[in-house]
Amino acid sequence: MSQNKRTSHVKPKKKNPKRGFAIFGTVFLSVIGVVCIALSGLLWYFQYNRSSALDALTDADLGIKDNSNLSDKVINIALFGIDARNLRAARANSDSIMILSIDSAHKKIKMTSIMRDSLVPIEGRGARKINAAYAFGGPELAIKTLNQNFNLNIRDYATVNFSGMADIIEAMGGIEVDLTEAERQDANVHLRWMAIESGLKNDQIKSAGKQTLNGIQAVAFARIRHVRTINGVNDDYGRTDRQRYVMEQLFNKAMAMGKSKYPSVIKALLPHMETSLSYSDILELAGFLTGNTQFEQMRMPESHKMQIPTKDYPSSLGSVVYYNLEYAANMLHAFIYDDIKQADYVAANPPVTTPWYTNWAKTNT
């Protein structure tokens with residue numbers, strides 16, 4: 001698979017036997033995986049956007065270290081969500097960054113949200129918000145930034161745009177959401193603006209409570225950031241929670257839907273997505289994705305408790321999410337590779353809030 005299509009400058013990699021907010025990315029891997037088993041010709045028929053941008057890159061080019069200790073039974077795929085209709089020409093900030101981990105050792109699909117305002121070093125650009133990496137260097141630099149800062153081995157990606165998200169959710173039959181009144185009002189504000197910008201119907205949500213949201217309503221729900229979730233989580237932390245909730249609902253629907261739904265879902269999905277995964281990669285993943293798998297998720301940083309209170313970074317960087325990257329990398333490894341739940345890791349390893357920017361800047365600027 002594409003996990004093996006690149007060779008490191010250091011030494012050949014081990015052969016791995018199993019090898020788009022990016023809601024599309026997860027739907028792509030789950031829905032397409034299901035579809036490939038029964039209707040493998042559909043991908044060719046609809047001509048999805050397979051990108052060769054990473055084909056000639058080595059592990060060193062992608063910021064992957066010689067991590068012989070990382071399990072080859074876990075495949076990590078970066079998912080980027082951007083607001084751009086032309087994916088190939090796009091050089092925009094990634095409004096959403098997620099890591100999809102396919103863990104065949106524990107039969108789990110794991111989803112990690114990386115807060116888009118996370119302060120990290122970006123090669124050649126200094127310390128910036130992590131969402132700027134995509135604008136500076138496309139998926140290549142965005143993947144390299146994730147690998148370098150969190151010591152990961154990501155070799156594939158899917159980039160999706162938000163303009164077609166409503167079509168995807170609509171094709172899946174909507175999603176079930178329990179809305180607070182504050183969320184309903186805020187979502188309706190987004191709905192009005194989305195209707196103006198996209199020409200879609202301004203389909204206002206009439207009441208709070210448990211209900212099925214259609215495509216545009218679900219997108220508006222996923223964009224809420226100024227009011228608390230039903231679980232009391234606020235600001236961008238709450239928004240990433242909503243994004244992962246929508247993703248989980250779509251994943252569950254994809255795994256349960258009938259074959260008659262496949263063509264309409266794929267037709268809605270593919271024009272809005274670009275991926276480095278080849279047709280054979282997708283077929284290889286299909287068996288795992290359609291098996292008895294569990295879905296787990298986490299957010300980085302875990303909570304405000306991980307944020308560093310000292311602002312030793314320049315004010316010109318604006319409002320950032322500043323946390324200890326070494327601690328974050330250790331937490332990610334525990335979740336992705338060792339199958340340790342985030343809450344359990346934090347309970348055993350209290351957050352480290354040691355600043356890193358000042359010392360980093362002394363040798364890198």
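Note that the structure is a prediction, hence the values are computed from the model and not measured.

Student: So what exactly am I meant to see when it comes to the overall build of the chain here?
Tutor: If you tally the helices and strands in the chain, you get 12 helices and 11 strands. Accessible area for the chain stands at about 15000 Å²; split by element, carbon and sulfur atoms hold 50% of it.

Student: Could you clarify how one ought to interpret helix α6 (residues 215-222) in this entry?
Tutor: Within an α-helix, residues lying three or four positions from one another point in the same direction, as the helix has 3.6 residues per turn. Most of α6 is tucked away, with 8 of its 8 residues classed as buried. All of the buried residues in α6 are G215, I216, Q217, A218, V219, A220, F221 and A222. Residues of α6 that are buried in the fold lie against α4 (165-171), β8 (175-179), α5 (181-198), β9 (209-213) and α7 (235-256).

Student: What exactly am I supposed to notice about the nonpolar core here?
Tutor: Across soluble globular proteins, nonpolar side chains have a tendency to be buried as a group. F80, I114, L146, F150, M300, Y323 and W356 are the most contacted members of the largest nonpolar core, which totals 55 residues. Elements supplying a minimum of two residues to this core: β2 (74-82), β3 (96-103), β5 (119-122), α3 (132-150), β11 (294-300), α10 (325-336), α11 (342-348) and α12 (357-364). Counting residues in each nonpolar core, the second largest holds 31 residues, with I169, A171, I216 and A254 among its members.

Student: I keep staring at the side chain of S94 and nothing clicks. Help me out?
Tutor: With respect to the element layout, S94 can be found in the loop between β2 and β3. Here S94 falls in the buried class, since its relative accessible area comes to 1%. Those residues in contact with S94, other than ones at most four positions away along the chain, are F80, G81, I82, R116, N131 and Y134.

Student: Please clarify how unusual backbone geometry should be interpreted in this entry.
Tutor: Residues apart from glycine generally show negative phi values, whereas peptide bonds are mostly found in trans. Backbone torsion omega between M300 and P301 reads 0°, so that peptide bond is classified as cis. For P301, the position within the fold is in the loop between β11 and α10. Residues other than glycine seldom take positive phi values, yet N151 does so here, at roughly 55°. Among the structural elements, N151 can be located in the loop between α3 and β7 (156-161).

Student: Just to check I follow, could you spell out the packing of α5 against α6 for this structure?
Tutor: Packed helices, taken two at a time, are described by the angle their axes make and the gap between the axes. For the pair α5 and α6, the least separation of the axes is 8 Å and the interaxial angle reads 115°. As for the relative orientation of α5 and α6, their crossing is right-handed in sense. For the pair α5 and α6, the contacting residues are E183, A187, H190, L191 and M194 in the first and I216, Q217, V219, A220 and F221 in the second.

Student: Can you walk me through the pattern of salt bridges in this structure?
Tutor: Scanning the entire structure with this criterion turns up 11 salt bridges. Among the ionic pairs, K110 bridges to D339, the shortest N-O distance being 3.0 Å. Here the residue K110 occupies a position in strand β4 (residues 108-114), and D339 occupies one in the loop between α10 and α11, the gap between them amounting to 229 residues. Since its relative accessible area comes to 0%, K110 is described here as buried.

Student: Would you mind showing me how to read the packing of aromatic side chains here?
Tutor: For any two aromatic rings, the description comes down to two numbers: the centre-to-centre distance and the angle of the planes. Inspection of every chain in the model, using the stated rule, returns 8 aromatic pairs. Relative to Y245, the ring of F221 lies with its centre 6.4 Å away and its plane at 75°, an arrangement referred to as edge-to-face. One end of the pair, F221, is in helix α6; the other, Y245, is in helix α7, with 24 residues separating them in the sequence. On the basis of relative accessible area, F221 is assigned to the buried category, the value being 5%. Looking at K110, its charged tip hangs above the ring of F335, at a distance of 5.6 Å from the centre.

Student: Which parts of the structure should I look at to understand the pairing of β4?
Tutor: Put simply, side chains in a regular strand alternate between the two faces of the sheet. β4 sits mainly inside the fold: 7 of its 7 residues count as buried. Because side chains alternate across β4, one face comprises the buried residues K108, K110, T112 and I114, and the other comprises I109, M111 and S113, equally buried. Examined bridge by bridge, β3 and β4 share 6 bridges and lie antiparallel to one another. Across the sheet, residue L100 finds its bridge partner in β4, namely M111.

Student: For this particular structure, what's the right way to read empty space enclosed by the protein?
Tutor: Any empty space left between atoms is shown by rolling a water-sized probe over those atoms. In this structure, the largest cavity encloses a volume near 70 Å³. Lining the largest cavity are D95, S96, I97, S113, I114, M115, R116, D236, R239, T240 and Q243. Those elements that provide at least two residues to the lining of the largest cavity are β3, β4 and α7. Looking at which element gives the most residues to the lining of the largest cavity, the answer is α7, with 4 residues. Grouping the constituent residues of the lining of the largest cavity by class yields 3 nonpolar, 4 polar and 4 charged. As a volume, the second largest cavity reaches approximately 40 Å³. Together, F80, S94, I97, I130, A133, A142, T145 and L146 line the second largest cavity.

Student: What should I look at first to understand the side chain of T159 in this one?
Tutor: Relative to the helices and strands, T159 is located in strand β7. T159 sits in the buried class, given a relative accessible area of 1%. Polar side-chain contacts of T159 include one of 2.9 Å to the side chain of Y134.

Student: Got a minute to help me understand α3 in this structure?
Tutor: Helix length check: α3, at 19 residues, gives a terminal C-alpha distance of 17 Å against a target of 27 Å (1.5 Å per residue), a shortfall beyond 12%. In terms of burial, α3 is a largely internal element, 15 of the 19 residues being buried. Of the residues flanking the end of α3, it is N151, one or two places downstream, whose phi is positive at about 55°.

Thresholds, definitions, all that
Residues numbered from 1 in each chain as written. Predicted model: local features only at pLDDT ≥ 70, side-chain atom pairs only at ≥ 80, totals over all residues. Heavy atoms only, no water. Helix = DSSP H or I, 4+ residues; strand = E, 2+ residues; numbered from the N terminus. Areas by Shrake-Rupley, 256 points an atom, 1.4 Å probe, with all protein chains shown as cover. Buried < 20%, exposed > 50% of the residue type's maximum accessible area, 1.4 Å probe, protein only. Contact = heavy atoms within 4.5 Å. Core = buried A, V, L, I, M, F, W, Y, C linked by side-chain atoms within 4.5 Å. Axes fitted to C-alpha atoms, helices over the stretch in contact; angles between N-to-C directions. Left-handed = near helix turned anticlockwise from the far one by under 90°. Salt bridge = Lys/Arg side-chain N within 4 Å of Asp/Glu carboxyl O. Phe/Tyr/Trp six-rings, centres within 6.5 Å; stacked < 30°, edge-to-face > 60°. Lys NZ or Arg CZ within 6 Å of the ring centre and 35° of its normal. Pairing = 2+ DSSP bridges. 1 Å grid on protein atoms, 1.4 Å probe; cavity = no way out; pocket = protein on both sides within 12 Å on 5 of 7 lines; lining within 4 Å. Points joined across faces, edges and corners; volume = space filled by probe spheres on them. Nonpolar A, V, L, I, M, F, W, Y, C, P; charged D, E, K, R; others polar. Polar contact = N/O pair within 3.5 Å; in protein donor to acceptor, adjacent residues only side chain to side chain. Expected span 1.5 Å × (residues − 1).

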